[in-house]
Amino acid sequence: MAREDFEIVDQKPIGRGQFGTVFRARRRGDGAIVALKLILHDADNGGGTIAAERHGAILQQEFAARHGMVPAVFEFGPDGDDFYIAMELVEGPSLEERLRGGALHCDEAVGHALWLCEFLDRAHAFSATVEQQPYRLLHNDLKPAHLKIEPTGGRKVLDFG
């Protein structure tokens, strides 16, 4: 597959970070809705950024396959000079959005805290080899906005890689 196998369904981004913008998109082959991250190669994002995003996609794909605590990465690759990552779209509010509604019940707050401790334990124990280079994980931007709470009660950490 390639970037053209996805159609952006809403031009309003669902997320924006330092290196890329995430859109709700439809996979043309089966109609599946995904989160499509686009990283444009420009003055701010050179070849080093694209390589880092590629390595991050591989690490996220492996971590999701082992632990399921981050969005699954379906595919990624170049789009001309740019780069794309198609991944699981995680529905539901972020912990930040939940906190805007006021203090959480203590059972819910403890549940999130314990889950995050488990995530950090697994992330810090994780290692993988990408292009013959060993990698370990460190999520250096873990915050309430990056913890999504799914309608089923599951959780996923975003902005991983």
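Use the structure listed above.
A few points on the structure. Since this is a predicted model, take the numbers as computed values, not measurements.

**Focus: the overall build of the chain**
- Summing up its helical and strand segments, the chain has 3 helices and 10 strands in all.
- Its C-alpha atoms give the chain a radius of gyration of 16 Å, near enough to 15 Å, the size a compact globule of 161 residues would have.
- Its C-alpha atoms put the chain at 50 × 35 × 30 Å along the principal axes.
- Going through the 161 residues of the chain one by one, you find that 39% of them count as buried.
- Partitioning the intrachain contacts of the chain with sequence separation of at least 6 by distance along the chain shows that 50% fall at a separation of at least 24.
- Summed over its atoms, the accessible surface of the chain is roughly 9000 Å², and 50% of this surface lies on carbon and sulfur atoms.
- Computing the positive centroid from 18 side-chain charges and the negative centroid from 25, the chain places the two 4 Å apart.

**Quick notes on helix α3 (residues 106-125)**
- End to end, α3 covers 28 Å across 20 residues, agreeing with the expected 28 Å (1.5 Å per residue, within 8%).
- Of the positions making up α3, those classed as buried are H112, W115, L116, F119 and A123. Buried residues of α3, seen end-on, are gathered within an arc of 100° and therefore sit on one face of the element. For α3, the exposed residues lying more than 90 degrees away from the buried face are C106, D107, L114, C117, D121 and A125.
- Residues of α3 that are buried sit in contact with α1 (47-67), α2 (95-100), β9 (147-149) and β10 (155-157).

What counts as what
Residues numbered from 1 in each chain as written. Predicted model: local features only at pLDDT ≥ 70, side-chain atom pairs only at ≥ 80, totals over all residues. Heavy atoms only, no water. Helix = DSSP H or I, 4+ residues; strand = E, 2+ residues; numbered from the N terminus. Rg over C-alpha atoms; globule rule 2.2 N^0.38 Å. Buried < 20%, exposed > 50% of the residue type's maximum accessible area, 1.4 Å probe, protein only. Contact = heavy atoms within 4.5 Å. Areas by Shrake-Rupley, 256 points an atom, 1.4 Å probe, with all protein chains shown as cover. Lys, Arg positive; Asp, Glu negative; His and termini not counted. Charge placed at Lys NZ, Arg CZ, Asp CG, Glu CD. Expected span 1.5 Å × (residues − 1). Arc of directions from axis to C-beta.

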